[in-house]
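# Examining the three-dimensional arrangement
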2 protein chains.
Amino acid sequence: MYDAPIKDMLFVMQQLAGLDEIAALPGGEDATPETVEAVLQEAAKFCGEVLAPLNAEGDRNPSRWDNGAVHVTPGFAQAFGQYVAGGWQGVQHPQEYEGQGLPKLVGTPCVEMLNAANLSFALCPLLTDGAIEALLTAGTEEQKQRFVPKLIAGQWTGTMNLTEPQAGSDLAAVRTRAEPQPDGTYKLFGTKIFITWGEHDMAENIVHLVLARTPDAPEGVKGISLFIVPKFLINADGSPGARNDVQCVSIEHKLGIKASPTAVLQYGDHGGAIGELIGEENRGLEYMFIMMNAARFAVGMQGVAVSARAYQKALAYAKERVQSRPVDGSSKAAVTIIHHPDVRRMLATMRALTEAARALAYVAAGESDRAHRDPDEARRALHQARYEFLVPIVKGWSTELANEVTSMGVQVHGGMGFIEETGAAQFYRDARILAIYEGTTAIQANDLIGRKTLRDGGAVVKALIDEIGRTVTELVAQEGAAFKSMANHLALGQQALGSTVDFVLANAKRDPNAVFAGSVPYLKLAGIVLGGWQMARAMLASARLMQDDPKFHGAKIAMAQCYAEHVLPQAVALEASMVSANGTQGMLALAEDQF
Amino acid sequence: MYDAPIKDMLFVMQQLAGLDEIAALPGGEDATPETVEAVLQEAAKFCGEVLAPLNAEGDRNPSRWDNGAVHVTPGFAQAFGQYVAGGWQGVQHPQEYEGQGLPKLVGTPCVEMLNAANLSFALCPLLTDGAIEALLTAGTEEQKQRFVPKLIAGQWTGTMNLTEPQAGSDLAAVRTRAEPQPDGTYKLFGTKIFITWGEHDMAENIVHLVLARTPDAPEGVKGISLFIVPKFLINADGSPGARNDVQCVSIEHKLGIKASPTAVLQYGDHGGAIGELIGEENRGLEYMFIMMNAARFAVGMQGVAVSARAYQKALAYAKERVQSRPVDGSSKAAVTIIHHPDVRRMLATMRALTEAARALAYVAAGESDRAHRDPDEARRALHQARYEFLVPIVKGWSTELANEVTSMGVQVHGGMGFIEETGAAQFYRDARILAIYEGTTAIQANDLIGRKTLRDGGAVVKALIDEIGRTVTELVAQEGAAFKSMANHLALGQQALGSTVDFVLANAKRDPNAVFAGSVPYLKLAGIVLGGWQMARAMLASARLMQDDPKFHGAKIAMAQCYAEHVLPQAVALEASMVSANGTQGMLALAEDQF
């Protein structure tokens, strides 16, 4: 059972992420309120009715490898057919390649629903989105025409081939070779691992985007190029032709997302896999980063999605399971467990965290739209910088939080949570990959410090901190305990973020180990405070709109208060861990042989 | 691979838990330093060589049900034979029933090793310990003689039968019936679920301790009696005779601890299962609580154990896996990942948390020994009260922390952590039950507030808070950044605990929902501060002993500093969540239909 929280999605899009403004930008004409709501309703229907029921089945009956072929969970191929027939692969992609050209802000709730319904399934379109993004960025017009419409139509799917056994987080260590051929193509040789949906039988072809080195390429990350290597070579008429020399030699046995085949791909064991260069030689990592930014944002959305789904499941159980009398003596009989304060605490925390993470991610999506569509170049650059600042936070924070939220989901179920048939444990297992793939939380945090904080001298984050200050001023002007509480805790969080940024800026050069030992605390702190800021903006909007729907807006204000009092205080604790110069000394004081 | 941390165990036993004093109490004569170290060495050998290698096998090849019988993982029955042959079941049990009569403080590291090596396996002896405890508490001398030596000898194992489908946390809802027979026995009828090691083929008999109601028993928890229901009835000569009417109708398919069979037991489908009353009628829950206190403590040790094992595995990987150049530019080549600051942060945090939880648990075990062995009755009562205060914290905090630590263990492994063959994921899955069974964290937290804080007006906890203050004074007198940092953060933690206790005492009657919505934060806060106190005591001891072993004691001081700066600050955040009167309002403000 999955019932998409469309009301909250629309509220966030409209009140926090600026849907109306984005719709008013060039190319946003189609994103009328009616269209957007209709798109969300249709997505909710498809995800709830078709994909959600297949989620548990994918866990029980994962993709299986058989002699180089991968057979997906029964029902997945049909569902994928419906997915592409509905046009869902093209929501955010350009109309000139047969996409729908809607803003990322509108595509984002669709991505959330897809992942909430079925994380394993959703990974296939997620990777295809990444391949489309890379082709649109670096491909020639001919390449775009040849591949993108087929990918949008779901005839073909896409993959990202980065990791090798010795090259995980460290892409400098990539060894796959690409040898130029007289006809302008390349022959690829090497092993790629952890390739999500790297082999399957849901589509007629698979377009692998592969990082490899040409002969004489410089060492390290500056010698990596990006290649298109289709599973079946493309005939002159655009149809799939001969089988290329790329083989799936095994798939992994994983903790979660079991329906999503994670392939080991062997290139060139029979003479070389034929590939074509995309973009310029040795600029592969740069293109891959564009694709990765999109993918990282999407993985952050997976965190929001699985949290939202786990919350729904826990809530349904808490409303149904009868156990124990209430602690306040208000009933002599046992009550449903939602009446017990600790269950209430867990549900409220799950929901507040999920709402905050959703709001921050949608706001980031809105920044991306403005970065692409604002007619003013300087404003585009500002929005792009803000989007890029937010991506590692959306990715890192939403996924770490998903571990916490899905764990609370198990806990609400008590002993039944540990029984696989209940389904709560699947969300817990599935969620665990999110803080790892597409760059672990530490990789996100290094990016946040290095490229996103140090490079601009903290300009982007300081502007955000100033805006948080303005929100605090607005909160102070409001009446009521909830607003006072948020004003107080958000101000403390804002200060904590500010002093942490100052610490990073002052010490990164002088003592990089001390700063980077606090990189994940910094990322979490930023997520907590920026998420809290969105909750504060939400409660201000709800105060304005209260009369329209007192039940909904009352809940938004209560959730913001819950977040202020139970989540925001962690920011100050994280600041203590990060800023105290001694803090990281204690962390790093042990010699390797003392461990 | 499991290499028991005997050095840290002995340090904690001697420097923090008072092994020498306990050995000097009546009945402690056998616990000489030489004997204790020999016992630990032997336990480490057995656990490392026999049990640890079976752990992954138990996950791959779980116990399986076949027509009422349960066949355990290959190798488990032989290992169990070696376990009992080694006398391990009897370590803490009285010599008069053929146990070894060693203090609980000495038994506790053995329990830790057993669980670190193999959590699923260790559950069988853990439950048998519980059954022995219940028999010793409430059984007649004849019952003790008939059952306890066989349980200690491992010929028979024991179980606890509490849960029924409608009676989980709420034992008032138990419905299993016990009908008195003319010969003084009872016939039992009902269904029990979640019975750990409720059926298996490792021993010749299974002694079920079963909660049930006699006819005309009062409703609720005051009408529950405790019965012994052996799988095979006992012949006059003490040997197992006819099969009793208790059947294992299925076992659960679980997230973790898969080798440990979790049985559904059906009593009385063929005329009634024959049982005998233990102790007095209607006092069953009282006896069960004694057994449960021991079991809850042991589950807390499971949390310490699985954390310690996960740390060892992550550490080994971090020392072996080469990836990326160091952030400080100290090497042009890629290094082992232990050189990356965030990996260092994770490993140090895993270790500091595990050491703190171990120290607190061992100190609690020492309190239990003093409660049993101190010649002075008043002192016995004080120690008993302190032990009882600590049990829900050891249980609740160590197990919540195990979720965190095993998750970091997965994270250190990166993508490999998500692959089941690596083994890190098993610890993560296995650990997840610990905060649920033997009373969820909320149940522990309710106990901590209700029976352990309110009932004595906070006397026990306030005495502990005063002692923490004396430790702070000692820290202030020391030189060096580590001690200053601990003095500062421990003092803040002490204040946070104090004000939270005051809040609980002042408001529990007036506003029970507000207080109980903060019960888990209170428990975690208490764990963090009391664990930090032990880390502070450890660093003071290490300062005194530094010359003996600079590497070991230097590491203890560094870990204490790490804990002070990265864990203790959370106490202040938890206080903010708990004490703010508004805090729990925000949490409880939503009406059921707003969720």
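Keep in mind the model is a prediction, meaning the values are calculated, not measured. (Residues numbered from 1 in each chain as written. Chains lettered and ligands numbered in written order. Predicted model: local features only at pLDDT ≥ 70, side-chain atom pairs only at ≥ 80, totals over all residues. Heavy atoms only, no water.)

Glancing now at the interface of chain A and chain B. Facing 93 residues of chain A, the contacting portion of chain B comprises 92 residues. It is Phe418, Met587 and Phe595 of chain A in chain A that bury the most area against chain B; as a group they hold 11% of the surface buried on that side. Inspection of the region where chain A meets chain B yields two salt bridges. For Asp593 of chain B, the salt bridge is made with Lys551 of chain A, and the minimal N-O distance between the two is 3.9 Å. (Contact = heavy atoms within 4.5 Å. Buried area = accessible area lost by both parts, 1.4 Å probe. Salt bridge = Lys/Arg side-chain N within 4 Å of Asp/Glu carboxyl O.)

Quick look at the nonpolar core now. It is characteristic of soluble globular proteins that their nonpolar side chains tend to be buried jointly. Residues Leu347 of chain A together with Leu347 of chain B are the most contacted members of the largest nonpolar core, which totals 391 residues. Tyr186, Ala212, Cys248 and Ile251 of chain A belong to the second-largest nonpolar core, a separate cluster that totals 17 residues. (Core = buried A, V, L, I, M, F, W, Y, C linked by side-chain atoms within 4.5 Å. Buried < 20%, exposed > 50% of the residue type's maximum accessible area, 1.4 Å probe, protein only.)

In this section: the side chain of Arg296 of chain B. Residue and element names in this part refer to chain B. Mapping Arg296 onto the fold places it in helix α8 (residues 284-320). One buried charge, Arg296, has no salt-bridge partner; the nearest side chain with opposite charge is Asp447, at 4.4 Å. Setting aside its immediate chain neighbours within four residues, Arg296 contacts Phe289, Val391, Lys395, Glu438, Gly439, Ile443, Gln444 and Asp447. (Helix = DSSP H or I, 4+ residues; strand = E, 2+ residues; numbered from the N terminus. Lys, Arg positive; Asp, Glu negative; His and termini not counted.)

Turning next to the domain arrangement of chain A. Segmentation of chain A into domains returns domain 1 (6-152), domain 2 (156-286) and domain 3 (455-595). The straight-line distance from the C-alpha centre of domain 2 of chain A to that of domain 3 of chain A is 41 Å. (Domains from an automatic or database assignment.)

Let us look at the pairing of strand β9 (residues 240-243) of chain B. Residues and elements named next belong to chain B. Note: strand β8 (residues 232-234) against β9, two bridges, orientation antiparallel. Opposite Ile234, over in β9, you have Pro240 as the bridge partner. Hairpin connection from β8 to β9: five residues lie between these consecutive antiparallel strands, with Gly238 at a positive phi of about 90°. (Pairing = 2+ DSSP bridges.)

Our focus in this paragraph is helix α9 (residues 341-373) of chain A. Between its first and last C-alpha atoms α9 of chain A spans 47 Å; for 33 residues at 1.5 Å apiece the expected length is 48 Å, and the two agree. Counting buried positions along α9 of chain A yields 32 of 33 residues, so the element is predominantly enclosed. (Expected span 1.5 Å × (residues − 1).)

Moving on, we get to the packing of aromatic side chains. Tallied over the full model, the rule gives 19 aromatic pairs over all chains. Here Phe11 of chain A and Phe552 of chain A contribute two aromatic rings whose centre-to-centre distance is 5.5 Å and whose plane-to-plane angle is 70°, an arrangement assigned as edge-to-face. Remark: Phe552 of chain A occurs in helix α17 (residues 550-566) and Phe11 of chain A occurs in helix α1 (residues 6-16); sequence separation between them is 541 residues. Aromatic pair Phe76 of chain B and Phe121 of chain B: ring centres 5.8 Å apart, planes at 65°, arrangement edge-to-face. Of this pair, Phe76 of chain B sits in helix α4 (residues 76-85) while Phe121 of chain B sits in helix α6 (residues 119-138), and the two are 45 residues apart along the sequence. A relative accessible area of 0% means that Phe76 of chain B is categorised as buried. Members of the aromatic cluster, each reached through a chain of ring pairs, are Phe46, Phe76, Phe80, Tyr83 and Phe121 of chain A. The cationic tip of Arg243 of chain B hangs over the ring face of Phe232 of chain B; the distance from NZ or CZ to the ring centre is 5.5 Å. Above the ring of Tyr428 of chain A, the side-chain terminus of Arg432 of chain B is found at 5.6 Å from the ring centroid. (Phe/Tyr/Trp six-rings, centres within 6.5 Å; stacked < 30°, edge-to-face > 60°. Lys NZ or Arg CZ within 6 Å of the ring centre and 35° of its normal.)

Residue and element names in this part refer to chain A. Checked against the element boundaries, Ala56 lands in helix α3 (residues 33-60). On the basis of relative accessible area, Ala56 is assigned to the partly exposed category, the value being 33%. When the C-alpha positions of Ala56 and Tyr522 are compared, they lie 36 Å apart, and in sequence the two are 466 residues distant.

All told, the structure shown has 52 salt bridges over all chains when counted by the stated rule. Across the salt bridge formed by Arg358 of chain A and Glu112 of chain A, the nearest N and O atoms sit 2.7 Å from each other. One end of the pair, Arg358 of chain A, is in helix α9; the other, Glu112 of chain A, is in helix α5 (residues 104-117), and 246 residues separate them in sequence. Since its relative accessible area comes to 3%, Arg358 of chain A is described here as buried. The class of Glu112 of chain A is buried, set by a relative accessible area of 0%. In this structure, the salt-bridge partner of Arg345 of chain B is Asp342 of chain B, at a minimum N-O distance of 2.7 Å. Note that Arg345 of chain B and Asp342 of chain B are positioned in helix α9 (residues 341-373) at a spacing of three residues, about one turn of the helix.

This part takes up helix α1 (residues 6-16) of chain B. Residue and element names in this part refer to chain B. Counting buried residues in α1 gives eight out of eleven residues, a clear majority hidden from the surface. Residues of α1 that are buried sit in contact with α2 (19-23), α3 (33-60), α5 (104-117), α9, α16 (519-545) and α17 (550-566). A positive backbone phi angle near 75° is found at Gly18, which sits one or two residues after α1.

Turning next to the packing of helix α13 (residues 459-476) of chain B against helix α14 (residues 481-507) of chain B. To characterise two packed helices, one gives the angle between the axes of the helices and the distance between these axes. Residue and element names in this part refer to chain B. Where α13 contacts α14, the axes come no closer than 9 Å and their chain directions differ by 165°. Between α13 and α14, the crossing angle belongs to the class labelled roughly antiparallel. Handedness of the crossing formed by α13 with α14: left-handed. Each of Val461, Lys462, Ile465, Ile468, Gly469, Thr471, Val472, Leu475 and Val476 in α13 lies in contact with α14, whose residues at this interface are Phe483, Met486, Ala487, Leu490, Ala491, Gln494, Leu497, Gly498, Val501, Asp502 and Leu505. (Axes fitted to C-alpha atoms, helices over the stretch in contact; angles between N-to-C directions. Parallel < 35°, antiparallel > 145°, perpendicular 65-115°, else oblique. Left-handed = near helix turned anticlockwise from the far one by under 90°.)

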